[in-house]
Amino acid sequence: MIDRRLVLGGMAGLGAGALLPARTFAATSAGLNPGSPDDQGKALTALLQKASQTGDQIFLQPGTYIVTGVDLPARTNLAGIPGTTRLVYGGGGSFLKASSGAQIRLSGLVIDGANQPLAGGAKALVDAANVTRIVIEDCDVAASAKNAIALSQCGGSIRNNRISGARDAGIFASQSTGLDITANHVGACGNGGILIFRDAQGPDGTIVSGNRVENIRADGGGTGQNGNGINVFRAGNVLVSNNVLKNCAFSAVRANAGNNVQIIGNNCTGSGEMALYSEFAFEGAVIANNIVDGAASGISMVNFDGGGRMGTCSGNVVRNLTAIGPYPADAPGFGIGISVEADIAVTGNVIENAALYGIKLGWGPYMRNLTATGNVIRQAGTGIYVSVVDGVGSAIVTDNIIEKAVRGGILGHRWMDAVTKDLARQNASGYDRLIVERNILS
């Protein structure tokens, strides 16, 4: 047994909210041996179950432990030395699994899936469900044949981890009950970085903040369900803020059917498709103060035909949109800075080098209650596209600066066809529900 004074001194940095063990046991004193060629999963499970009854922490000394089928009991506190305490998946079952629990903590561990197939219905190297509070911190989670971490109906936090080489997603969280995902480095994953999902549309409240997500592929194919750095699906009240996202095959941040989702202050470079997306049946989206540099298109808040409506798009810097995406695009194509459709204010954005349109307001009849005010658009195919088909709703386009727009500053469109003269050069738009005033074209 390790001296309790040393334990308390070493654990003081966890903060007042941390669950401190009454005692900490070195696992070698209970028969686990680093470097053994034998699978020690059963021995570790037995040790954790015993410690769960007494509230003790299990400390694994540096070294490699081959384990399979470790069941994490209701009260688990398993710790190691970051970078040197290695749990390596032995194959043929699950790896680390929790089916319920009140307090589960994993810290300072290398969790190595060795790229071996997971069995027994396991979704991830760390697979937890119905845990009131799970904390995974300062761990390396690598080489999973599926997801690296999968949580279902869990609260707690995933923080300060290094997650890489998952064939599917780095973190997959579904039906969360108060989850924070912060300050992780997620990279080189096959189909997604951080996924926040729900089976049906509803409140979720997960916070995804301060993470670094990069080199996310779309090995599973498709036109957007894979290849996203952060993907929010049906989950409402989610905050995605201050993340750095680089080289994602599709979107840096993609929210699908999520109400009241905020995408704020993210730095997004090298996105293969739409960098920032709020799509389909969403209400109340906020996309603000992000940087997008390099993408097929920049920001999209669309699908009014599927119920997508209501939000703000403000203070973003969007540039270098190539119009070349990962698949042949439907009309109107890629190369759009900001695209919106219903009940949205587009204000104070700066857009540069958009091959097709700087800002696109509506699409066919899908336009209602839009404003584009105080934006700067420089070097675009067309500065601002606005739909003027019969039956569209109202739009106000005022006080924008448009420079070096090849085909014109502000053009009314019927679908793909430009059907007006440059409205930026006229005193009136000629349409009752469209106001175009005080724009500067140069």
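Only a predicted model underlies this, so the values are computations on that prediction, with no experimental measurement involved.

Here is what the cut-offs are and how they apply
Starting from 1, residues in each chain are numbered consecutively following that chain's sequence as written. With pLDDT at 70 or above as the cut-off, local features in this predicted model cover only qualifying residues; side-chain atom pairs require 80 or more to be listed or tallied, and sums for whole chains, interfaces and linings still use all residues. Calculation of side-chain values draws on the structure's entire complement of heavy atoms; hydrogens and water are dropped beforehand. Burial classification: accessible surface area is computed with a 1.4 Å probe over protein chains only, and a residue below 20% of its type maximum counts as buried, one above 50% as exposed, and the rest as partly exposed. By definition, any uninterrupted DSSP run of H or I lasting at least four residues is a helix, any uninterrupted run of E lasting at least two residues is a strand, and each is numbered from the N terminus. When DSSP finds two or more bridges between a pair of strands, those strands are recorded as paired. Salt bridges are defined by distance alone: a side-chain nitrogen of Lys or Arg within 4 Å of a carboxyl oxygen of Asp or Glu. Only heavy atoms enter the contact rule, under which two residues are in contact if any of them lie within 4.5 Å. Between N or O atoms, a polar contact is any pair within 3.5 Å; within protein, one atom must be a potential hydrogen donor and the other a potential acceptor, and residues adjacent in sequence are included only when both atoms are from side chains. Residues enter patches when their relative accessible area tops 30% and they take part in no salt bridge; the joining distance is 9 Å for like charges and 5 Å for the nonpolar side chains Val, Leu, Ile, Met, Phe, Trp and Tyr. What sets the accessible areas is the Shrake-Rupley method with a 1.4 Å probe; for residues, cover comes only from the shown protein chains. Planes of paired rings set the category: under 30 degrees apart is stacked, over 60 is edge-to-face and the rest tilted, where pairs are Phe, Tyr or Trp rings (Trp by its six-membered ring) whose centres lie within 6.5 Å. For a lysine, the NZ atom is tested; for an arginine, the CZ atom; a charge sits over a ring if that atom is within 6 Å of the ring centre and within 35 degrees of the ring normal. In this analysis, the protein atoms alone were mapped onto a 1 Å grid. Cavities are point sets where a 1.4 Å probe fits without being able to get out; pockets are open sets with protein on both sides within 12 Å along at least five of seven lines; lining residues have an atom within 4 Å of a point. Grid points are joined across faces, edges and corners, and a volume is the space filled by probe spheres set on the points. The predictor reports its confidence for every residue as pLDDT, a score running from 0 up to 100. Given a helix with a known number of residues, its expected span is that number minus one, times 1.5 Å. What the arc measures is the spread of directions leading from the helix axis to the C-beta atoms.

Novice: Looking at this model, I keep getting lost on the pairing of strand β8 (residues 101-107). Mind explaining?
Specialist: A regular strand carries its side chains on alternate faces of the sheet. The element β8 is extensively covered by neighbouring structure, given that five of its seven residues are classed as buried. For strand β5 (residues 75-79) and β8, the ladder comprises five bridges, and the chain directions are parallel. Residue pairing across strands places Ala-79 opposite Ser-107, the latter belonging to β8. As defined by bridge partners, β8 adjoins strand β11 (residues 131-137) across six bridges and the pair is classed as parallel. Among the inter-strand pairings, Gly-101 is bridged to a residue of β11, identified as Val-131.

Novice: Would you explain the pairing of strand β33 (residues 317-321) in this entry?
Specialist: Inspection of the sheet shows strand β30 (residues 291-295) paired to β33 by four bridges, in the parallel sense. Considered in β33, the bridge of Ile-291 is made with Val-317. Alignment of β33 against strand β36 (residues 350-361), held across four bridges, turns out to be parallel. Looking across to β36, one finds that Val-318 is bridged to Ile-351.

Novice: What should I look at first to understand the pattern of salt bridges in this one?
Specialist: Side chains that differ in charge, positive against negative, can pair when their charged atoms come close. Tallying each qualifying case throughout the model produces 18 salt bridges. Linking Asp-219 and Arg-217 is a salt bridge whose minimum nitrogen-to-oxygen distance equals 3.0 Å. Accessibility expressed as a relative area gives 37% for Arg-217, which makes it partly exposed. One network of salt bridges, with partners in common, ties together Glu-283, Arg-309, Asp-343 and Arg-368.

Novice: Looking at this model, I keep getting lost on the side chain of Asn-256. Mind explaining?
Specialist: Relative to the helices and strands, Asn-256 is located in strand β25 (residues 253-256). Contacts of Asn-256, omitting those with residues within four sequence positions, involve Val-232, Phe-233, Arg-234, Glu-279 and Phe-280.

Novice: For this particular structure, what's the right way to read the side chain of Asp-204?
Specialist: Relative to the helices and strands, Asp-204 resides in the loop between β19 (192-203) and β20 (207-209). Relative accessible area serves as the criterion here: at 9%, Asp-204 is assigned to the buried category. A distance of 2.8 Å separates the side chain of Asp-204 from the side chain of Arg-198, its partner in a polar contact. A distance of 2.4 Å separates polar atoms of two side chains, one belonging to Asp-204 and the other to Thr-206. The residues contacting Asp-204, other than those within four sequence positions of it, are Gln-175, Ser-176, Gly-178, Ile-196, Phe-197, Arg-198, Ala-235, Gly-236, Asn-237 and Val-238.

Novice: So what exactly am I meant to see when it comes to a nonpolar patch on the surface here?
Specialist: Taken together, the side chains of Ile-291, Val-317, Val-350, Val-376, Ile-401 and Ile-440 present a nonpolar region at the surface, about 430 Å² in accessible area. Tracing the backbone through its elements, the reader meets Ile-401 in strand β40 (residues 401-405).

Novice: Before we go on, may I ask you to explain unusual backbone geometry in this structure?
Specialist: A negative phi holds for most residues other than glycine; trans holds for most peptide bonds. Here the residue pair Ala-331 and Pro-332 is connected by a cis peptide bond, since its omega of 10° sits within 30 degrees of zero. Relative to the helices and strands, Pro-332 is located in the loop between β33 and β34 (336-340). Backbone geometry places Asn-242, a non-glycine residue, at a positive phi of 55°. Take Asn-242: it is sitting in the loop between β23 (239-241) and β24 (244-248). Phi is positive for Asn-353, close to 60°, though the residue is something other than glycine. Tracing the backbone through its elements, the reader meets Asn-353 in strand β36. With a relative accessible area of 28%, Asn-353 lands in the partly exposed category.

Novice: Any chance you could explain the packing of aromatic side chains here in plain terms?
Specialist: What characterises a pair of aromatic rings is the spacing of the ring centres plus the angle enclosed by the ring planes. Within the structure shown, the criterion is met by eight aromatic pairs. Here Tyr-89 and Phe-95 contribute two aromatic rings whose centre-to-centre distance is 5.3 Å and whose plane-to-plane angle is 40°, an arrangement assigned as tilted. The two residues Tyr-89 and Phe-95 agree in class, both being buried. Through pairs of rings, three or more aromatic residues link up here, namely Tyr-357, Trp-363, Tyr-385 and Trp-415. The aromatic ring of Tyr-385 is capped on one face by Lys-360, whose charged end is 5.8 Å from the ring centroid.

Novice: Explain the layout of surface pockets to me, please; I cannot follow it from the model alone.
Specialist: Gaps left between atoms show up when a probe the size of a water molecule is rolled over them. Within this model, the largest pocket holds a volume of roughly 770 Å³. Around the largest pocket sit 31 residues that line it, and Tyr-277, Glu-279, Val-302, Asn-303 and Tyr-327 are the ones nearest its centre. Of all elements in the fold, only β22 (228-236), β25, β28 (274-279), β31 (297-301) and β34 reach the threshold of two or more residues within the lining of the largest pocket. A per-element tally of the lining of the largest pocket places β28 first, with three residues.

Novice: Explain the confidence of the model for the protein to me, please; I cannot follow it from the model alone.
Specialist: In low-pLDDT regions, the fine details of the predicted coordinates are not to be read closely. Within the protein, residue pLDDT values average 93, and 93% of them lie at 70 or more. In this model, residues 1-22 is a region of pLDDT below 50 whose contacts with residues beyond four sequence positions or in other chains number 26 contacts.

Novice: Looking at this model, I keep getting lost on helix α2 (residues 41-54). Mind explaining?
Specialist: Note: α-helices contain 3.6 residues per turn, so residues at a spacing of three or four share the same orientation. Given a rise of 1.5 Å per residue, 14 residues ought to cover 20 Å, and the 20 Å separating the end C-alpha atoms of α2 matches this to within 8%. Those residues of α2 lying buried are Gly-41, Leu-44, Thr-45, Leu-47, Leu-48, Ala-51 and Ser-52. All buried residues of α2 fall inside an arc of 165° around its axis, so they share one side. Structural note: α2 exposes Lys-42, Lys-50 and Gln-53 on the side pointing more than 90 degrees away from its buried face. On its buried side, α2 packs onto β2 (57-59), β3 (63-67), β4 (70-71) and β5.

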